Amino acid sequence: MQSSSSNPPSTIRTEAPRIPDHEVLRCIGKGSYGEVWLARSLTGSLRAIKVVRREDFELDRTFEREFEGIMRFEPISRDQPGLVHILHVGRNDEEGFYYYVMELGDDRETGSRVDPGEYEARTMGSDRTVKKRLSVQECVDHGIVLADGLSHLHEHGLTHRDIKPSNIIFVNGKPKLADIGLVAAAGQMTFVGTEGFVPPEGPGAPAADIYSLGMVLYELSTGNDRLQFPELANDLGSVAQRPMRQALNDVICKACAPSVRKRYSSARHMAEALRAAGKMKYGRRRWMRKLVMLPVLSAILAFGIVTWRHGGTMPWPPGGFGGPNGGGFLSLTGSVSLTSEPPGADIIYEGRVLGQTPRTVPKIDVGTAIFTLRHNRYLDASVSVSGVSPGETVTAQPAVLQFYDPPRPGQLWENSLQMQFAATPTDHLSKQPVSIEHFREIMPDVMFSDVLAEEGEGGKVIYIVRVPEPEAIRFCDFLAARDIKEGFLPEGYCYRHEIYQTKPDPEADPATKDLICFRLIAEKSGSVQIDSTPQAVRIFEGDEKLEVTPFTIPLHRTGLITLVLKKEGYQEKTVTGTVKSGETLKLFAELSPSLMPVPRKPWTNSLGMMFQPVDDLLFSAWETRVKDYAAFAKEANRSPGIVDANKDGQSDIGQTELHPVVNVTRADAVAYCQWLTVRERASNHIPAELEYRLPTDGEWSFAAGSGRGADRLPDPAARHNSNRNEYPWLPSWVWPPPVADATTPAAANLGDLSALHAKEKPLGNLLQKPINELEDWKYNDGTVFTSPVGQYVKNPLGLYDMSGNVWEFIAEDFGDNGGKGKAEFAKYAVTRGASWAEAVTNDRQRFWTQYRRAVPPDKEADPATGFRLVLAPIRK
């Protein structure tokens, strides 16, 4: 399975997404950032489709950024064999997801022959599970392919951020980097990834991907866990393979260096080093060469002894090899040819400078020689040359020096934009503000807001950019990431903006008053420690999710920092502080319990009304009570929602504050929802994006257990009695309703024997046949009129009285069945769920879950009709 997690998926969706031109077969994996489905295209080809849902992200902006990443990756994915190929990208905004269609990886057991019902992807992780440890040749070959793929990704400004064995699949037996759902623009420091594969500085930069790939090769080549690095394997393999294994180990150690500066400067250089490792000759050949060289060395030794005994000359031919005119012993040295990019690097050998590249250096001791190449504005490079032989010249691998020219104390400095910086006692400050040319080079896709012309040194006009302050901060971050990568800034440095004061312009547009011109300060970054009570609180900086408390941001730009801390069940908290160069800022927050609802969890509002999660809604567990309605009725000067024929404030049917509201219209119910929404937003019980309202017809049906089949019909009139002989109680096909026993209450408060025989005659004057039927059914719930809410059996969703007690208003009009029904009913209100006044007789359709009662405006308020609420996202 092509999944972003090496663990079994915790939740597998059973409802397949709708993907155009594909038959979606089954879900084959789920990770932190989406799910993967096996599908068949119109041509019959099997594909893997990754679906990334908006609901898995805290913020829209983060979701859109991930989508932008995959859009950028799609056109380049098919240019490189080391990357999984993306065949199509699409999105379904109505259902809140985007998707991309990929080539399907090999099956773990059968390779490219895939059985859709048994398919499980072959990954580098599954290979390691079977083999524990791959051969050194396999590791080198796989590493070359993956490093080439990574290089291609980096050269297009993208990073992977989660390289690990389970995210490397095989296609036709060749490895490919998969789970590109985490691909992002280089420099985005979202903290994703897997422990042990993420370097100390965190993910998001090309150097971090190189580190992760090195750890993958470490696990594959040693059989150890990455957390054991740099411990070697107990078995070093055959003598013949040891040179190649040593070379591979050198590559891994350099790729996994804790310091970014000591790693490969690019994935391309790592690939070149792996190719060189793959060319190492087997040990047995080297031993054979030593055996051949043994007589030669013996002869040389004999020559030296004889020459010494004859005063530095050989007896024959006289003086031919030494003596005063011959030059002494035959030298036991060779030569090494060294080149570098750029040329002109000093060649340092055993502490001595032997010239500059390119150069062939003579008189180098036989065996292995180590040189240091040093060039102004570049990092020193170490070149190891093996196989130096007497009288022979060995050509070393060309050395590519990594540019490195950081700011130095007390010295003038120039960055990658050729901006000059003057040294201050603590940092370096740009001599001039950021110009429009500088800004466009770093942020070409951002529209600048304004430009000012100012005369600079020598009378040259500078066009200074004016932007909102957040854009200045982003510019600093992007430039710092580039300059660290290119060697102009050391790891752990940053840029900070300083507002540049320009001359006042009395004719300036007022809309530009919040724009700034700015200079740059280059200095050491600071760090930030965040803790909280309670702990394990999520930390956000802007729209970037960092980690959970307690947490340390090891490197952070200097200046103001604003973090938002969030945890379900608690009020979010904002903390701010100023990060200083080279110092650690400590932040702490104490979160208060939240009054607001938590998604997909039961909740109680400010009035004590209980709500249960139903899909993405919160459904009131019971009908709105007299006590819930009282404050609104008083403020709005409306009926208190009781039966009060004598107008004395007392209920005629024995209602208390725990009974459902009755004698209200649908307009009363809608007004109440609006009133409660305003009240609870003001008291911070619900957020601005949620509102109280009446349930829709489809929502009520689903909550009552009837599914969604009828939702495809145009209106309630068309859905009326669409399912017959289905009831809101359990079992849903049982008639009459289940009666009470010693442990279980009756199914619902309906028209029963107690109502039939009550002196008030609440069921009216029934004919003899219904009376006989009611007595035959023997249904008795023990209540004459309305009952307090929550007294009868709740349904599987935790909702009470979905049948009986009172009819409930829904949000829609009855409709006219798409023009096929009675037009006069179209604007009638709709009530659902029956009431205490519906006699349990053979007229059973009024109890069906899909029964809808159309109510004319003058009949809405009656003793058997009330309503319940839902809390839901605002409908657009």
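Above this text sits the structure in question.
Not measured: the values here are computed from a predicted model.

Draft legend 1. Geometry of the side chain of Glu35. The topology assignment puts Glu35 in strand β2 (residues 34–41). Owing to a relative accessible area of 1%, Glu35 belongs among the buried residues under this scheme. At a separation of 3.2 Å, a polar atom in the side chain of Glu35 contacts the side chain of Trp37. In this structure the side chain of Glu35 is engaged in a polar contact, spanning 2.8 Å, whose partner is the side chain of Arg53.

Draft legend 2. Inspection of the nonpolar core at higher detail. Phe73, Tyr100, Met270 and Leu274 are the most contacted members of the largest nonpolar core, which has 61 residues in total. If you look at the next biggest cluster of nonpolar residues, it comprises 29 residues, including Ala746, Leu763, Leu774 and Trp848.

Draft legend 3. Expanded view of the sheet that holds strand β32 (residues 584–590). Taken in spatial order, the three strands make up an open sheet running β29-β26-β32, and their pairing is mixed. Because the sheet does not close on itself, it has two edges, and the strands there are β29 (551–556) and β32. Each adjacent strand pair in this sheet contributes to an overall mean axis angle of 20°, direction not counted. Two strands pair when backbone bridges link them, and strand β26 (residues 526–533) and β29 are joined in this way by four bridges, in the antiparallel orientation. Across the sheet, the residue bridging to Val528 is Ile553, located in β29.

Draft legend 4. Highlighting helix α2 (residues 124–131). For α2, the complete set of buried residues consists of Met124, Gly125, Ser126, Asp127 and Arg128. Looking at the buried residues of α2, the elements they touch are α3 (136–155), β7 (168–171), β8 (174–177) and α4 (206–222). The opening residue of α2, the one whose side-chain oxygen lies 3.2 Å from the backbone nitrogen of Gly125, is Thr123. Positive phi shows up at Lys132, right after α2, with a value of about 70°.

Draft legend 5. Up close: the side chain of Asn749. Among the structural elements, Asn749 can be located in the loop between α14 (716–719) and α15 (753–757). In this structure the side chain of Asn749 is engaged in a polar contact, spanning 2.9 Å, whose partner is the backbone oxygen of Phe785. The residues touching Asn749, leaving out its near neighbours within four places in the chain, are Asp781, Thr783, Phe785, Thr786, Ser787, Tyr792, Ser803, Gly804, Asn805, Ser835 and Trp836.

Draft legend 6. Spotlight on the environment of Lys176. Note that Lys176 resides in strand β8. The class of Lys176 is buried, set by a relative accessible area of 6%. Once the C-alpha coordinates of Lys176 and Val145 are considered, the two residues, 31 residues apart in sequence, prove to be 7.8 Å apart. Sequence-distant contacts of Lys176, that is, excluding residues within four places in its chain, are made with Pro81, Gly82, Leu83, Val84, His85, Glu103, Leu146, Asn167, Ile168, Ile169 and Val171. A polar side-chain atom of Lys176 sits 2.8 Å from a polar atom in the side chain of Glu103.

Draft legend 7. Spotlight on the environment of Gln411. Mapping Gln411 onto the fold places it in the loop between β18 (399–400) and β19 (413–414). Residue classification places Gln411 among the partly exposed residues on the basis of a relative accessible area of 44%. On a C-alpha basis, the gap between Gln411 and Thr424 in space is 9.1 Å, while along the polypeptide they are 13 residues apart. If sequence neighbours within four positions are ignored, Gln411 has contacts with Phe421, Ala423 and His428.

Scoring rules and cut-offs
Positions within a chain are numbered from 1, following the residues in the order the chain's sequence is written. Owing to the predicted nature of the model, reporting of local features is limited to residues with pLDDT of at least 70; listing and counting of side-chain atom pairs is limited to 80 or more, with chain, interface and lining totals taken over all residues. Side-chain measures here rest on the full set of heavy atoms in the structure, leaving out hydrogens and waters. The helix count covers DSSP runs of H or I at least four residues long, the strand count covers runs of E at least two residues long, and both are numbered beginning at the N terminus. Accessible area is worked out with a 1.4 Å probe on protein chains only. A residue is then buried under 20% of its type maximum, exposed over 50%, and partly exposed in between. Throughout this description, a polar contact denotes any pair of N or O atoms lying within 3.5 Å of each other; where both atoms belong to protein, one of them has to be capable of donating a hydrogen while the other can accept it, and for residues adjacent in sequence the pair is counted only when both atoms sit in side chains. Put simply, buried Ala, Val, Leu, Ile, Met, Phe, Trp, Tyr and Cys residues joined by side-chain atoms within 4.5 Å make one nonpolar core. We treat two strands as partners when DSSP finds at least two bridges between them. Interaxial angles span 0 to 180 degrees and are taken between N-to-C directions of axes, which are lines fitted to C-alpha atoms, for helices over the stretch in contact. Any two residues whose heavy atoms approach within 4.5 Å at even a single point are treated as in contact.

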